[in-house]
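If you want the building blocks of each chain, they are given just below.
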Amino acid sequence: MSNSFDQPLDKRSRKLARARWNSETTGIVAERIARFTGTPQFLIYLTIFVLLWIGWNSLVPDNLRFDSSEIGFTALTLMLSLQASYSAPLILLAQNRQDDRDRVTAQNDRQMAQRNLADTEYITREIASLRLALGEVATRDFVRSELRDLIEDLALGEDSKTLHPALAERDEKIAQLEQRLAELENHR
């Protein structure tokens, strides 16, 4: 450190020791105070305090009074003003912190809604593709109706050749092949 005024001071020596406040801790304390000042319990305590103050300074002998009722309880007014002047910034600080939490919650909700929408769209596409694939497969109802029709045709006693022309052709081919085999066996 320089002893003369013509030399600038070192930066470190100019800084006063500043209290370092942790903003998170300050915010938590402010929220607790703001929450308490908004409760019915606080209002009851404050009302009892004011009533005791006014009662003491109105009813006790003059030599025991510390706030004069003749000048409008000046000390009480100053104390309530001090309490209000500290409460307002603490409440604003608590509201700002709550706004920050609400903003983060809203962002998380939006991200969750987007993921849910994407999942829903994916599932919808999968269901649509399954429906298209099932459209090409014979359903249980279709197979049952075909079987019922065949059973009805058989119950009516219709000939198998008139039931299905392909079966009749097959039967004729089998008969021709059996006849040819018999001829070949006879020539041996």
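Residues numbered from 1 in each chain as written. Predicted model: local features only at pLDDT ≥ 70, side-chain atom pairs only at ≥ 80, totals over all residues. Heavy atoms only, no water.

### Quick word on the pattern of salt bridges
Evaluation of the coordinates by the stated rule reveals five salt bridges. Between D62 and R65 there is a salt bridge, with its nearest N and O atoms 3.0 Å apart. Note on D62: relative accessible area 58%, which makes it exposed. Through salt bridges that share partners, E24, E31, R97 and R101 make up one connected network. (Salt bridge = Lys/Arg side-chain N within 4 Å of Asp/Glu carboxyl O. Buried < 20%, exposed > 50% of the residue type's maximum accessible area, 1.4 Å probe, protein only.)

### Examining helix α4 (residues 74-135)
The end-to-end C-alpha separation of α4 is 89 Å, in line with the 92 Å expected for 62 residues at 1.5 Å each. Buried positions along α4 lie against α2 (23-37) and α3 (40-59). (Helix = DSSP H or I, 4+ residues; strand = E, 2+ residues; numbered from the N terminus. Expected span 1.5 Å × (residues − 1). Contact = heavy atoms within 4.5 Å.)

### Observations concerning helix α7 (residues 165-186)
Note: α-helices contain 3.6 residues per turn, so residues at a spacing of three or four share the same orientation. Counted at 1.5 Å a residue, the expected span for α7 with its 22 residues is 32 Å, and the 32 Å between its end C-alpha atoms agrees. Across the 22 residues that make up α7, only a small minority, one, are buried.

### A closer look at the packing of aromatic side chains
For the coordinates displayed, the defined rule picks out four aromatic pairs. When the centroid spacing of 5.6 Å and the interplanar angle of 75° are considered together, the rings of F36 and F42 count as edge-to-face. Residue class for F36 comes out partly exposed when judged on its relative accessible area of 35%. Ring centres of W53 and F66 lie 4.8 Å apart, and the angle between their planes is 90°; this geometry places the pair in the edge-to-face category. Here the residue W53 occupies a position in helix α3, and F66 occupies one in the loop between α3 and α4, the gap between them amounting to 13 residues. Its relative accessible area of 10% is what places W53 among the buried residues. When its relative accessible area of 51% is taken as the criterion, F66 is described as exposed. In this structure an aromatic cluster arises from ring pairing among F36, F42 and Y45. (Phe/Tyr/Trp six-rings, centres within 6.5 Å; stacked < 30°, edge-to-face > 60°.)

### Observations regarding the packing of α3 against α4
It is at 11 Å that the axes of α3 and α4 come closest, and there the two elements cross at 160°. Comparing the axis directions of α3 and α4 gives the class roughly antiparallel. Where α3 crosses over α4, the two elements pack in a sense that is right-handed. Of the residues in α4, those touching α3 at F42, L46, F49, V50, W53 and I54 are A75, L76, M79, L80 and Q83. Taken together, the residues of the contact of α3 with α4 break down into 10 nonpolar, one polar and no charged. (Axes fitted to C-alpha atoms, helices over the stretch in contact; angles between N-to-C directions. Parallel < 35°, antiparallel > 145°, perpendicular 65-115°, else oblique. Left-handed = near helix turned anticlockwise from the far one by under 90°. Nonpolar A, V, L, I, M, F, W, Y, C, P; charged D, E, K, R; others polar.)

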